Amino acid sequence: MPLPYLKAVVHFLALLPAAWLMWQGWLLIDFQDNQLTANPIKYIHAFTGDWTIRFILLGLAITPLRRIFGWNILIKFRRMIGLYAFSYVVLHLLNFIVLDYYFDWPTILKEIIKRPAITFGMTAIILLTPLAVTSTRGWIRRLGGKWGKLHKLIYLIGILAVIHNFMMVKADIFQPLIHGIILAGLLGYRLYDKPVWKMRRT
Amino acid sequence: MLFRFLKSSDVKSSEITPENIYHNRREFIQASALLGIGAVALGLNIPQARADVLANITRSGTYDTDEKQTPYRAVTGYNNFYEFGTGKDDPARNAHTLRPRPWTVKVDGHVENPGDYDIDDLIRPHTLQERIYRMRCVEAWSMVIPWVGIPLADIINRLGPTSKAKYILFETLVDRKQMPGQSRRVIKWPYAEGLRMDEAMNPLTLMAVGLYGETLPNQNGAPLRLVVPWKYGFKGIKSIVRISFVKNRPRNSWKRLAPKEYGFFANVNPDVDHPRWTQANERRIGEFRRRDTLMFNGYGEEVAHMYSGMNLKKYF
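Here goes a summary of the coordinates provided. Keep in mind the model is a prediction, meaning the values are calculated, not measured.

The rules behind each value
- Residues numbered from 1 in each chain as written.
- Chains lettered and ligands numbered in written order.
- Predicted model: local features only at pLDDT ≥ 70, side-chain atom pairs only at ≥ 80, totals over all residues.
- Heavy atoms only, no water.
- Helix = DSSP H or I, 4+ residues; strand = E, 2+ residues; numbered from the N terminus.
- Buried < 20%, exposed > 50% of the residue type's maximum accessible area, 1.4 Å probe, protein only.
- Contact = heavy atoms within 4.5 Å.
- Areas by Shrake-Rupley, 256 points an atom, 1.4 Å probe, with all protein chains shown as cover.
- Pairing = 2+ DSSP bridges.
- Axes fitted to C-alpha atoms, helices over the stretch in contact; angles between N-to-C directions.
- Expected span 1.5 Å × (residues − 1).
- Bend = angle between axes of the 7 residues up to and from the residue.
- Salt bridge = Lys/Arg side-chain N within 4 Å of Asp/Glu carboxyl O.
- Polar contact = N/O pair within 3.5 Å; in protein donor to acceptor, adjacent residues only side chain to side chain.
- Nonpolar A, V, L, I, M, F, W, Y, C, P; charged D, E, K, R; others polar.
- Phe/Tyr/Trp six-rings, centres within 6.5 Å; stacked < 30°, edge-to-face > 60°.

What about the overall build of chain B?
Phase 1 of the analysis: In terms of helices and strands, chain B carries nine helices and 13 strands.
Phase 2 of the analysis: Counting the 316 residues in chain B, one finds 58% classified as buried.
Phase 3 of the analysis: Within chain B, residue pairs in contact and separated by at least 24 positions form 73% of the contacts whose partners lie at least 6 positions apart.
Phase 4 of the analysis: Counting every atom, chain B has about 13800 Å² of accessible surface; 51% of that belongs to carbon and sulfur.

Okay, structure coming up:
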């Protein structure tokens, strides 16, 4: 399949969760049965947060998959996956500010500072923002070698996001645990597969 | 297999929405339309069988709130009942495997009339009362629920605790077949809760057997659950099989799981935050904006005297 078609397929898949959420939101506003539970704001919060982490993990999976299986075409999708992670976290943040706290800035700021879970999450969003901004061709050219270094921040962002995920659940840590194991695997692979170490081994 | 316990009568009643609920729903829709933002409807698409109507309920109204009651669908579709799964809609989906009859409650400890009581023998001597209470979950959401039950004090008086009984311990059923969520050890089963004797004897404390004038749906803790309206919802232990009169303060499940986050007393208190979120406000289910949380969930007049002189920041 030619690349533009493949990209269209990936866009379609990446937009499915958002489309589903909008559909459910429409059902809710229209007083129809929907899946958002009796506490939709809480549901939307978890939903957009989970999808952010999934896209971060997907983006982090691209390098290992290329190296292990030689699927070099995957690099063509890394930017859009990263930008989808950012898009879902923007929805997550909007839900927090608009629906959950309805622009109650004093409380919002207090919560960000006072609750470690929210501090971690907000730090991750702040760090992710420059990565989204510098994802254009122009910025990649302008930054040169620094671009790669800057984008290594995604390792830290992934860790912060998964810690945030762990801290937000009450007792059932199953999902954050799965996220954490995948993240550990993806980051661990990078330690193991460092070119320097490889040279020493041979 | 999954539907083994569903009787044909369950299916028939699923079509029926009582008129009062229907009218509540209309008001609810109008109220939310006025907000201009529609993000308040209740998102549930689980088909729900209505329970049996309870007869001879007295309604004194003494302790009732006149706030808008949370719709039946939300009360019975949005639950924390980890015995049936940790998702909020898991209990409504999975609790059909629970068999609330026959049901035996073991009464033991420092009590004059210990023994294994059939649920109906335990309840029948008393007159059922309706109590419309606020329910404040520790997760900062709340509901208004018309419970049906009997004051716990009436049951306690009949069982006759001795002077050694300082606390009451309650335990939920353990049965993986009836409670599929118990195959995962999210909590150390059985779920356990406790009250100090004066709290248990407080006239607000209710042993509920129903809501909205009908028997308790399984997901709400059938056939017998505790309702302590000035405390966070997790104190309201569900599907009780044991009532034990004890000398020492019992270890309750959430405190055991995370002692820094959940206490034994668990009184609703806007001034003592959960370490991970504020308890100063809450979202009433069905409303858009958060509202201020009230001290003792608004029941201070009835309960504050029990805690005078106690440091509620320490004993949270």
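Quick look at the sheet that holds strand E7 (residues 192-196) of chain B
Residues and elements named next belong to chain B.
Phase 1 of the analysis: The strand order across the open sheet formed by five strands is E3-E2-E11-E6-E7, and the pairing between neighbours is mixed. In the strand order of this sheet, the two ends are held by strand E3 (115-118) and E7, each with one partner. Averaged over all pairs of adjacent strands, the angle between their axes in this sheet comes to 20°, without regard to strand direction.
Phase 2 of the analysis: Bridge count between strand E2 (residues 104-109) and strand E11 (residues 240-246): four bridges; the pairing is parallel. Among the inter-strand pairings, Val 107 is bridged to a residue of E11, identified as Ile 243.

Here's the deal with helix H3 (residues 75-100) of chain A
Residue and element names in this part refer to chain A.
Phase 1 of the analysis: Taking 1.5 Å per residue as the helical rise, H3 with its 26 residues ought to reach 38 Å, and the 37 Å between its terminal C-alpha atoms agrees with that figure.
Phase 2 of the analysis: The largest bend in H3 amounts to roughly 25° and is located at Leu 94.
Phase 3 of the analysis: Downstream of H3 by a residue or two, Tyr 102 has a phi angle that is positive, lying close to 40°.

With respect to the pattern of salt bridges
Phase 1 of the analysis: Here the structure, examined in full by the defined rule, presents 28 salt bridges over all chains.
Phase 2 of the analysis: With a closest N to O distance of 2.5 Å, Asp172(A) and Arg184(B) form a salt bridge. Of this pair, Asp172(A) sits in the loop between helix H8 (153-168) and helix H9 (174-192) while Arg184(B) sits in the loop between strand E6 (167-172) and E7, which puts the two residues in different chains.
Phase 3 of the analysis: The buried category is assigned to Asp172(A), whose relative accessible area is 16%.
Phase 4 of the analysis: Across the pair Arg291(B) and Glu67(B) runs a salt bridge, and its minimum N-O distance is 3.2 Å. With Arg291(B) in strand E13 (residues 291-292) and Glu67(B) in the loop between strand E1 (57-58) and helix H3 (72-75), the pair connects residues that are 224 residues apart, well separated along the chain.
Phase 5 of the analysis: With a relative accessible area of 27%, Arg291(B) lands in the partly exposed category.
Phase 6 of the analysis: You can call Glu67(B) partly exposed: its relative accessible area is 22%.
Phase 7 of the analysis: Via salt bridges that share partners, Glu67(B), Arg134(B), Arg136(B), Glu282(B), Arg284(B), Glu287(B) and Arg291(B) belong to a single interconnected network.

Describing helix H5 (residues 116-133) of chain A
The α-helix winds at 3.6 residues per turn, so residues separated by three or four positions along the chain end up facing the same way.
Residue and element names in this part refer to chain A.
Phase 1 of the analysis: Taking 1.5 Å of rise per residue, the 18 residues of H5 would be expected to cover 26 Å, and the 26 Å separating its terminal C-alpha atoms lies within 8% of that figure.
Phase 2 of the analysis: If you check which residues of H5 are buried, you get Ala 117, Ile 118, Gly 121, Met 122, Ala 124, Ile 125, Leu 128, Leu 131 and Ala 132.
Phase 3 of the analysis: Buried residues along H5 sit in contact with H3, helix H4 (105-114), helix H7 (145-151) and H8.

Side note on the interface of chain B and chain A
Phase 1 of the analysis: Contacts between the two partners involve 39 residues from chain B and, on the opposite side, 28 residues from chain A.
Phase 2 of the analysis: At the junction of chain B with chain A, the criterion picks out 15 residue pairs in polar contact (both at pLDDT 80 or more).
Phase 3 of the analysis: Sorting the residues of the side of chain B that touches chain A by element identifies helix H2 (19-34), H3 and helix H8 (253-257) of chain B as the ones contributing at least two each.
Phase 4 of the analysis: The element that contributes the greatest number of residues to the side of chain B that touches chain A is H2(B), accounting for three residues.
Phase 5 of the analysis: Looking at the side of chain B that touches chain A residue by residue, the class counts come to 20 nonpolar, nine polar and ten charged.

Describing the packing of aromatic side chains
Phase 1 of the analysis: Overall, the coordinates contain 24 aromatic pairs over all chains when judged by the stated rule.
Phase 2 of the analysis: Note on Phe47(A) and Trp51(A): the rings are 6.5 Å apart at their centroids and 55° apart in plane angle, and the pair reads as tilted. Taken as a pair, Phe47(A) and Trp51(A) lie in helix H2 (residues 40-69) at a separation of four residues, close to a single helical turn.
Phase 3 of the analysis: On the basis of relative accessible area, Phe47(A) is assigned to the buried category, the value being 13%.
Phase 4 of the analysis: For Trp51(A), a relative accessible area of 26% corresponds to the partly exposed category.
Phase 5 of the analysis: With a centroid separation of 5.5 Å and an interplanar angle of 80°, the aromatic rings of Tyr102(A) and Phe288(B) are classed as edge-to-face. Of the two residues, Tyr102(A) is situated in the loop between H3 and H4 and Phe288(B) in the loop between strand E12 (281-284) and E13; the pairing between them involves two chains.
Phase 6 of the analysis: By relative accessible area, Tyr102(A) is classed as partly exposed at 31%.

Without other data, these values stay purely geometric and don't point to any function.
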